[in-house]
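Examining the three-dimensional arrangement
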Amino acid sequence: MKVDSSAAMTLPAVLRDVFDSRRVWNDEGEAVELGSNVSEDEATLLHAAVHELRPRTSLEIGLAQGVSTLAMLAALRRNGDGHHHVLDPFQTRYGNCGRAMVQRAGLSEWYTFHEKFAEDVIPALP
């Protein structure tokens with residue numbers, strides 16, 4: 001897939017700040033060193049893929065610090081359609097950074113977080 005060069009400019013400001021500062025925020029509002037994430041190029045590719053493919057429903061297993069999720073949710077918002085499901089039974093081990101970052105970016109309406117294992121969620125998804 002050829003990535004539209006304007007895709008990087010449409011990543012949410014909070015995500016661009018993550019790549020610049022190399023930190024994320026947890027649910028206590030504390031800065032945490034970025035340590036579990038896709039690269040900026042990969043985030044841009046994810047954003048472009050979601051934008052071009054325009055999925056109505058998508059699924060991601062693992063939220064960690066939320067970088068890839070933010071890229072995909074920003075594309076859904078840009079598309080004006082779609083809903084992303086994220087499964088992560090271990091989000092608390094990351095200080096709920098991923099969830100806090102989605103909220104910080106104002107993208108919560110575009111996803112549902114499931115704090116469960118895949119086998120407990122996937123059979124019931126659309």
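Structure: above.
Residues numbered from 1 in each chain as written. Predicted model: local features only at pLDDT ≥ 70, side-chain atom pairs only at ≥ 80, totals over all residues. Heavy atoms only, no water.

Quick look at the side chain of Gln65
Secondary-structure assignment places Gln65 in the loop between strand E3 (57-61) and helix H3 (67-79). Among the polar contacts made by the side chain of Gln65, one reaches the main-chain amide nitrogen of Gly35 at a distance of 2.9 Å. Beyond its immediate stretch of four places on either side in the chain, Gln65 contacts Val24, Val32, Glu33, Leu34, Gly35, Ser36, Tyr94, Cys97, Gly98 and Met101. (Helix = DSSP H or I, 4+ residues; strand = E, 2+ residues; numbered from the N terminus. Polar contact = N/O pair within 3.5 Å; in protein donor to acceptor, adjacent residues only side chain to side chain. Contact = heavy atoms within 4.5 Å.)

Notes on the packing of helix H2 (residues 40-53) against H3
In the contact formed by H2 and H3, the axes pass within 8 Å of each other and the chain directions differ by 30°. By the criterion of interaxial angle, the relationship of H2 to H3 is roughly parallel. Pair H2 / H3 crosses with right-handed handedness. For the pair H2 and H3, the contacting residues are Ala43, Leu46, His47, Val50 and His51 in the first and Ser68, Ala71, Met72, Ala74, Ala75, Leu76, Arg78 and Asn79 in the second. (Axes fitted to C-alpha atoms, helices over the stretch in contact; angles between N-to-C directions. Parallel < 35°, antiparallel > 145°, perpendicular 65-115°, else oblique. Left-handed = near helix turned anticlockwise from the far one by under 90°.)

Topic: the nonpolar core
Counting residues in hydrophobic clusters, the biggest one holds 28 residues, and the most contacted among them are Leu15, Val18, Leu70, Leu73, Met101 and Leu107. For this core, the secondary structure elements donating two or more residues are helix H1 (13-21), strand E1 (23-25), H2, H3, helix H4 (97-104) and strand E5 (111-114). Ranked by residue count, the leading element in this core is H3, at 8 residues. For Leu70, the contacting residues outside a window of four places in its chain are Pro12, Val14, Leu15, Met101, Val102, Ala105 and Leu107. (Core = buried A, V, L, I, M, F, W, Y, C linked by side-chain atoms within 4.5 Å. Buried < 20%, exposed > 50% of the residue type's maximum accessible area, 1.4 Å probe, protein only.)

Things to note about the environment of Glu60
Following the sequence through the fold, Glu60 ends up in strand E3. A residue is classified by how much of its surface remains accessible, and Glu60, at 10% relative accessible area, is buried. In sequence terms Glu60 and Val32 are 28 residues apart; their C-alpha atoms lie 22 Å from each other. Excluding anything up to four places from it in sequence, Glu60 contacts Ser68, Thr69, Met72, His84, His85, Val86 and Leu87.

Section: unusual backbone geometry
Only a minority of non-glycine residues have a phi that is not negative, and only a minority of peptide bonds are not trans. Look at Arg22: it is not a glycine, yet its phi comes out positive at around 60°. The phi angle at Arg54 is positive, at roughly 50°, despite the residue not being glycine.

Points about the sheet that holds E3
If you walk across this open sheet you meet the 3 strands as E3-E4-E5, and the pairing is parallel. Each edge of the sheet is formed by a strand with only one pairing partner; in this case those strands are E3 and E5. Across the sheet, the mean angle separating the axes of adjacent strands is 15° when strand polarity is ignored. Of the pairings in the sheet, the one linking strand E4 (residues 83-87) to E5 comprises 4 bridges and is parallel in character. Within the sheet, the bridge partner assigned to His85 lies in E5 and is Thr112. Together, E3, E4 and E5 form the strand contacts of H3, whose direction differs from that of E4 by roughly 165°. (Pairing = 2+ DSSP bridges.)

By themselves, these observations are geometric and do not establish any function.
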